[in-house]
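Spelled out, the chains give:
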Amino acid sequence: MQTPESSPPDSDLSPAAAELAGDAPGRPAGGADSLAGVTGPRRGPGDRVFVATFALLAVAAIVPIWRVRFLPLLDLPNHLAAVHIWHNFDAPWTRFRDFYELSLRPAPYGAYHILTHVIAHVVSLENANRLVLSGYVLGIPAAALVWARRTRRSPWLSVLTFPLAFSLSWACGFLPFLVGIALLLAGVVALDAHLERPSRGRAAAVALLSVGCGLSHPLILFGYYVCVAVLMLCHLPRWSRIARALPLFAPAVALLLWQLAAFKSPMVDLRSGPRFQGAWVPWHEMIRSFPGYTLDSVSGDLDTRLFWVLLATASLLALWSAAARFFPRRDAEPPPPPGSLFDRLHRHRSLVLCAAMVICYFLVPLHLARPFDWWFVSGRFSPLICFFGFLAITAPLRGLSRLLIAPAAVAALVLPLHLSEKYASFDERLEPFTRMVERIPPGAEVLFVSLPPRTDEALIIEGTNHFSSWVQIMRGGFSADGWHNVGFPFTLKRRLPAPPSNRGEWFNPDVHGVAYDYVILRNERPDRSVFAAARTPFRRVAREGAFTLYERAR
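This is a predicted model, so every value here is computed, not measured.

Calculation criteria
- Residues numbered from 1 in each chain as written.
- Predicted model: local features only at pLDDT ≥ 70, side-chain atom pairs only at ≥ 80, totals over all residues.
- Heavy atoms only, no water.
- Salt bridge = Lys/Arg side-chain N within 4 Å of Asp/Glu carboxyl O.
- Helix = DSSP H or I, 4+ residues; strand = E, 2+ residues; numbered from the N terminus.
- Buried < 20%, exposed > 50% of the residue type's maximum accessible area, 1.4 Å probe, protein only.
- Pairing = 2+ DSSP bridges.
- Expected span 1.5 Å × (residues − 1).
- Contact = heavy atoms within 4.5 Å.
- 1 Å grid on protein atoms, 1.4 Å probe; cavity = no way out; pocket = protein on both sides within 12 Å on 5 of 7 lines; lining within 4 Å.
- Points joined across faces, edges and corners; volume = space filled by probe spheres on them.
- Nonpolar A, V, L, I, M, F, W, Y, C, P; charged D, E, K, R; others polar.
- Phe/Tyr/Trp six-rings, centres within 6.5 Å; stacked < 30°, edge-to-face > 60°.
- Patch = residues over 30% accessible without salt bridge, like charges linked within 9 Å, V, L, I, M, F, W, Y side chains within 5 Å.
- Areas by Shrake-Rupley, 256 points an atom, 1.4 Å probe, with all protein chains shown as cover.
- Core = buried A, V, L, I, M, F, W, Y, C linked by side-chain atoms within 4.5 Å.
- Axes fitted to C-alpha atoms, helices over the stretch in contact; angles between N-to-C directions.
- Parallel < 35°, antiparallel > 145°, perpendicular 65-115°, else oblique.
- Disulfide = S-S within 2.5 Å.
- Polar contact = N/O pair within 3.5 Å; in protein donor to acceptor, adjacent residues only side chain to side chain.

### Some remarks on the pattern of salt bridges
In step 1: Scanning the model with the defined rule gives 20 salt bridges in all.
In step 2: Of the charged contacts, one joins Arg150 and Glu196 as a salt bridge, the two residues approaching to 3.9 Å between their closest N and O atoms. Taken together, the residues Arg150 in helix H6 (residues 125–150) and Glu196 in helix H8 (residues 175–196) connect sequence positions 46 residues apart. Here Arg150 matches Glu196 in class, with each residue buried.
In step 3: Close ionic contact of Arg435 with Glu544 constitutes a salt bridge, the shortest N to O distance being 2.3 Å. Of the two residues, Arg435 sits in helix H19 (residues 431–439) while Glu544 sits in strand E7 (residues 538–544), which places them 109 residues apart along the sequence.
In step 4: Overall, the relative accessible area of 40% leaves Arg435 in the partly exposed class.
In step 5: Through salt bridges with shared partners, one network takes in Arg150, Asp192, Glu196, Arg238 and Arg349.

Shown next, in the form of structure tokens:
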């Protein structure tokens, strides 16, 4: 694909140019533009600089994923363990048939599990997880690059979107939602391309990605259909194309209706009481929290400071764009005629999509109690606001003006390297945990308990809360902390007693410990043994770092 050095802002291609660029002819009354900077037979020095910059940032972006084994994303162990149960269900060493039954009906949250399960047939399960997460991280700037080309913006704006992968949702390990973000953005690009110039390939992409959004996460499906409605509005009055595009969503709608009617998940409880309960916070609190929701995933404030670098860069580019409009160069292309309201909506569809995500951010509750018990709902829209907002900028970045993007490029390089250092320090403190699990004999049942303080100096979340699932991945058996209430890809047949993952201090050796052969404690005080007053005999096998391994005496 030809990567332009820059693009004329707020413009549509002439019919001839549109054919070269792979798009439909320009909209009526939208004006025609020169091909300069949009497409051409040769690649200039600026293109090579952009390609090198994009490649460097892409490599840096996935360093945190591949540098460590225990990526400290809160819910990651539970999601990966769910795939592990599915992928190795019949392996005798896992003993999964004693506790679970497979439930493979197409369900929400399934896209991550399906992708990881399929890839795990080629590589190891943990590497399959890394590949899926790498696809998410790189899918955001890739979608930004294609979207910038479609909306006639400078490809350099995609640099601003690299850090958006590492939001608070990333720190929380919302893997199905994160995969859904990449699918949503790809779906928006595919639909825009199909509405611009319909084809069978683009129609198939729209239908497939719509189903992918329906399998990823309910909130993703909601956000995707909001974007679909906005895009169709921006493509008016192309009524016939919009009408022909609507049937492409029939498979996704049918899947949604089936999920609502036939798929029963313990996560949904409508047996009594109101059908909807949510908690909103004041708008000024949502504004104050926006930087943290968008770019806060480890301890310290460097990541949120880098958010302000991105915002300052985007603001500077917007000012540069305004200056170029009011004080054009003598050799600059004349601006396109204003056109109709629909033409202006089409040219500024990035801004309209950004506005739609802002509305979702403020109107959707921050937390839900019914019909789903969800924490942190509306805040997940913050990276999407930035994505479309950054790509709404019309600055024509040519020559030395490309240096305006340099602070954002530095931020996009520094952030993942900073995260990888934090993750590496966390991973190093987990080496005793790995050695303890490896010395446990096959076939043993193991309980992991994290005692207060459950935090870690590198993280903003309690990174080891769900490490019972890491034990399950490494040794099989039962994880007291798995996603037993989702209904996909397994259902629970039998469980062992255990305290809640975030209430390890409730652990009672005579109630919980008796069901296990081994117990691994994190942060047990050396002078206050958890088993001191237990009637069930346990002997300490090893103590190293923050971890202590106990074996139940026979």
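### Let's talk about the pairing of E7
In step 1: The sheet contact formed by E7 and strand E8 (residues 547–552) spans six bridges and is antiparallel. Within E8, the residue paired with Glu544 across the bridge is Phe547.

### Structural notes on helix H14 (residues 302–326)
Because an α-helix completes one turn every 3.6 residues, residues spaced three or four positions apart along the sequence face the same direction.
In step 1: An ideal rise of 1.5 Å per residue puts 36 Å on 25 residues; H14 measures up with 36 Å between its terminal C-alpha atoms.
In step 2: Along H14, the residues that are buried comprise Asp303, Thr304, Leu306, Phe307, Leu310, Thr313, Ala314, Leu317 and Ser321.
In step 3: Against the buried residues of H14 lie helix H13 (283–295), helix H17 (382–390) and helix H18 (406–429).

### Overview of empty space enclosed by the protein
In step 1: For the coordinates displayed, the defined rule picks out six cavities of 30 Å³ or more.
In step 2: Each pocket or cavity is described by its volume, and for the largest cavity that value is around 90 Å³.
In step 3: With four residues, strand E4 (residues 446–450) is the single largest residue contributor to the lining of the largest cavity.
In step 4: Looking at the lining of the largest cavity residue by residue, the classes come out as seven nonpolar, five polar and one charged.
In step 5: The leading source of residues in the lining of the second largest cavity is H6, at three residues.
In step 6: When its residues are assigned to classes, the lining of the second largest cavity shows six nonpolar, one polar and three charged.

### A word on the packing of aromatic side chains
The way to describe two aromatic rings as a pair is by their centre distance and the angle between their planes.
In step 1: Per the counting criterion, the structure on display carries 36 aromatic pairs.
In step 2: Where Phe50 meets Phe54, the ring centres are 5.7 Å apart and the plane angle is 45°; that geometry is what we call tilted. Separated by four residues within a single helix, Phe50 and Phe54 lie in helix H2 (residues 45–61), roughly one turn from each other.
In step 3: Ring centres of Tyr225 and Phe249 lie 6.2 Å apart, and the angle between their planes is 65°; this geometry places the pair in the edge-to-face category. Of this pair, Tyr225 sits in helix H10 (residues 218–234) while Phe249 sits in the loop between helix H11 (239–245) and helix H12 (250–262), and the two are 24 residues apart along the sequence.
In step 4: What makes Tyr225 partly exposed here is its relative accessible area of 24%.
In step 5: Its relative accessible area of 5% is what places Phe249 among the buried residues.

### Observations concerning a nonpolar patch on the surface
In step 1: A contiguous nonpolar patch, built from Trp283, Ile287, Ile359, Phe362 and Leu363 and spanning about 540 Å² of accessible area, is present on the exposed surface.
In step 2: Elements represented by at least two residues in the nonpolar patch include exactly H13 and helix H16 (349–363).
In step 3: If one sorts the elements of the nonpolar patch by residue count, H16 sits on top with three residues.
In step 4: Inspection of the secondary structure puts Trp283 in helix H13.
In step 5: Exposure remark for Trp283: the relative accessible area of 58% places this residue in the exposed category.

### Describing the side chain of Asn465
In step 1: In this structure, Asn465 sits in the loop between E4 and helix H20 (468–475).
In step 2: When neighbours within four sequence positions are excluded, Asn465 is seen to be in contact with Leu74, Arg454, Asp481, Ser501 and Asn502.

### Regarding the environment of Asn508
In step 1: Following the sequence through the fold, Asn508 ends up in the loop between strand E5 (490–492) and strand E6 (518–522).
In step 2: For the pair Asn508 and Val530, spaced 22 residues apart in sequence, the C-alpha to C-alpha distance is 8.2 Å.

### Looking at unusual backbone geometry
In step 1: Note that the residue after Leu236, namely Pro237, is joined by a cis bond; omega there is 5°.
In step 2: With an omega dihedral of -5°, the bond running from Pro452 to Pro453 counts as a cis peptide bond.
In step 3: Along the polypeptide, Pro453 turns up in the loop between E4 and H20.
In step 4: You will see that Arg95, though not glycine, has its phi angle at about 60°, which is positive.
In step 5: Its place among the elements puts Arg95 in the loop between helix H4 (76–87) and strand E1 (100–102).

### Quick word on the nonpolar core
In step 1: Counting 145 residues, the largest nonpolar core has Trp170, Met357, Phe388, Phe433 and Ile520 as its most contacted members.
In step 2: It is H8 that contributes the most residues to this core, 13 residues altogether.
In step 3: Each residue touching Trp170, except ones within four places of it in the same chain, is listed here: Ile65, Leu71, Leu73, Leu133, Tyr136, Val137, Ala165, Leu178, Ser297 and Tyr423.
In step 4: If you look at the next biggest cluster of nonpolar residues, it comprises 20 residues, including Leu451, Leu496, Phe531 and Phe538.

### A short note on the packing of helix H5 (residues 110–119) against H8
In step 1: At a closest axis distance of 7 Å, the pairing of H5 and H8 adopts a crossing angle of 85°. Here H5 lies roughly perpendicular to H8, going by the angle between them. Of the residues in H8, those in contact with Ala111, Tyr112, His113 and Leu115 of H5 are Leu175, Pro176, Val179 and Leu183.

### Considerations on the state of the cysteines
In step 1: Taken as a whole and assessed by the stated rule, the structure comprises zero disulfides.
In step 2: Free cysteine: Cys227, not disulfide-bonded; nearest cysteine sulfur from Cys360 at 7.7 Å.
In step 3: In this structure Cys227 comes out as buried when scored by relative accessible area, which is 0%.

### Observations regarding the side chain of Thr161
In step 1: Residue placement: Thr161 occurs in the loop between H6 and helix H7 (168–171).
In step 2: We classify Thr161 as buried; its relative accessible area is 0%.
In step 3: Within the structure, the side chain of Thr161 is placed 2.7 Å from the backbone oxygen of Ser158, a separation counted as a polar contact.
In step 4: In this view, Thr161 contacts Ile140, Pro141, Ala144 and Phe387; residues no more than four positions away in its chain are not counted.

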